[in-house]
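Take a look at the letters that make up each chain.
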Amino acid sequence: MGKGIVDLIPEIKNIKDEDLRQKVINVWEEAVTLGGWDVPDQIPFNPDLGPSPSLINHTRSVTRIALSFAEEYERDYGKCIDRDMLAAVAILHDVSKALEIEPGPEGPAKSELGKKVPHGIFGGYLAWKAGLPLDYIHLIITHTPRIAMLPSRLEGIILSYADLLDADSHFFRGKVRTIMERHKFEE
Ligand SMILES: [Fe+2]
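The paragraphs below set out a description of the structure included in this document.

So, on to the packing of helix H3 (residues 55-77) against helix H9 (residues 154-173). At a minimum axis distance of 9 Å, the contact between H3 and H9 shows a crossing angle of 130 degrees. Of the possible angle classes, the one that applies to H3 and H9 is oblique. Between H3 and H9 lies a crossing whose hand is right-handed. Counted together, His58, Ser61, Val62, Ile65, Ala66, Phe69 and Tyr73 of H3 and Leu154, Ile158, Leu159, Ala162, Asp163, Leu165, Asp166 and Ala167 of H9 form the full contact between these two elements. For the contact of H3 with H9, the per-class residue count stands at eleven nonpolar, two polar and two charged.

What follows is the structure, encoded as structure tokens:
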């Protein structure tokens with residue numbers, strides 16, 4: 001696989017619990033292998049935007065945004081966030097894209113799995129298979145507005161907004177329809 005997943009996503013080291021950290025690594029490794037990616041940083045965040053940003057860029061950015069916000073929020077309002085949980089679900093929130101997008105002769109494109117299984121579900125499944133607790137699976141699956149279920153924990157609210165912030169900044173700059181636009185002008 002070339003570079004290890006911890007080298008590609010050093011934010012994994014933020015997870016203090018060793019068992020949790022290893023499970024997060026296992027999920028990423030399995031997703032990349034199942035998706036048929038030899039070089040994980042070639043997985044795009046969104047094929048409509050081209051090769052950049054990569055899924056790894058987006059994952060790292062969302063994790064850092066979420067953890068920085070947690071730091072600021074707790075400084076002002078007191079301890080109320082499970083940082084290990086937040087880091088783990090941020091790192092895993094889009095791991096299913098390793099299977100929802102596939103490498104192809106004309107570049108990465110949406111896979112059959114991506115067309116038939118709603119975004120996030122397979123990440124939840126891989127996390128469940130790796131032995132992550134149900135709340136983590138819940139937060140991975142509910143991070144996306146495509147799933148009609150709200151996250152039941154503060155960590156899920158933070159993850160969802162961190163994700164939207166990074167994603168919409170890329171969509172806006174790439175002249176692709178933003179998630180904000182879809183919500184403000186529902187069709
Ligand atoms: Fe995302």
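Formed by 44 residues in total, the largest nonpolar core has its most connected members in Ile9, Trp28 and Leu92. Elements represented by at least two residues in this core include exactly helix H1 (5-8), helix H2 (18-35), H3, helix H4 (83-92), helix H5 (97-100), helix H7 (121-129), helix H8 (134-142) and H9. Ranked by the residues each element gives to this core, the list is headed by H4, at eight residues. Those residues within four positions of Ile9 in sequence are excluded, and the remaining contacts are Trp28, Ile56, Thr59, Arg60 and Ile91. In this structure, Phe45, Leu49, Phe171 and Ile179 belong to the second largest nonpolar core, which totals five residues.

Moving on, we get to the coordination of the iron ion. Taken together, the protein ligands of the iron ion are His58 (NE2), His93 (NE2), Asp94 (OD) and Asp163 (OD), with distances of 2.1 to 2.2 Å. One can describe the donor arrangement at the iron ion as irregular, given that its four donor atoms subtend angles of 82 to 168 degrees at the metal. Within one chain, the residues serving as donors to the iron ion are arranged as H-x34-H-D-x68-D. A residue pair is termed long-range when its members are at least 10 positions apart, and Asp94 in the loop between H4 and H5 and Asp163 in helix H9 qualify at 69 residues.

As a further point, take the packing of aromatic side chains. Evaluated as defined, the whole model comprises five aromatic pairs. For the pair Tyr73 and Tyr77, a centre-to-centre distance of 4.7 Å together with 45 degrees between the ring planes defines the contact as tilted. On the criterion of helical spacing, the pair formed by Tyr73 and Tyr77 is a turn pair, its members being four residues apart in helix H3. For Tyr77, a relative accessible area of 60% corresponds to the exposed category.

The rules we used
Residues numbered from 1 in each chain as written. Predicted model: local features only at pLDDT ≥ 70, side-chain atom pairs only at ≥ 80, totals over all residues. Heavy atoms only, no water. Axes fitted to C-alpha atoms, helices over the stretch in contact; angles between N-to-C directions. Helix = DSSP H or I, 4+ residues; strand = E, 2+ residues; numbered from the N terminus. Parallel < 35°, antiparallel > 145°, perpendicular 65-115°, else oblique. Left-handed = near helix turned anticlockwise from the far one by under 90°. Contact = heavy atoms within 4.5 Å. Nonpolar A, V, L, I, M, F, W, Y, C, P; charged D, E, K, R; others polar. Core = buried A, V, L, I, M, F, W, Y, C linked by side-chain atoms within 4.5 Å. Buried < 20%, exposed > 50% of the residue type's maximum accessible area, 1.4 Å probe, protein only. Donors = N, O, S within 2.8 Å, 3.2 Å for Na, K, Ca; no water. Tetrahedral: all angles 85-135°; square planar, octahedral: opposite > 155°, others 65-115°. Phe/Tyr/Trp six-rings, centres within 6.5 Å; stacked < 30°, edge-to-face > 60°.

Function cannot be read off these values alone, since they describe shape.
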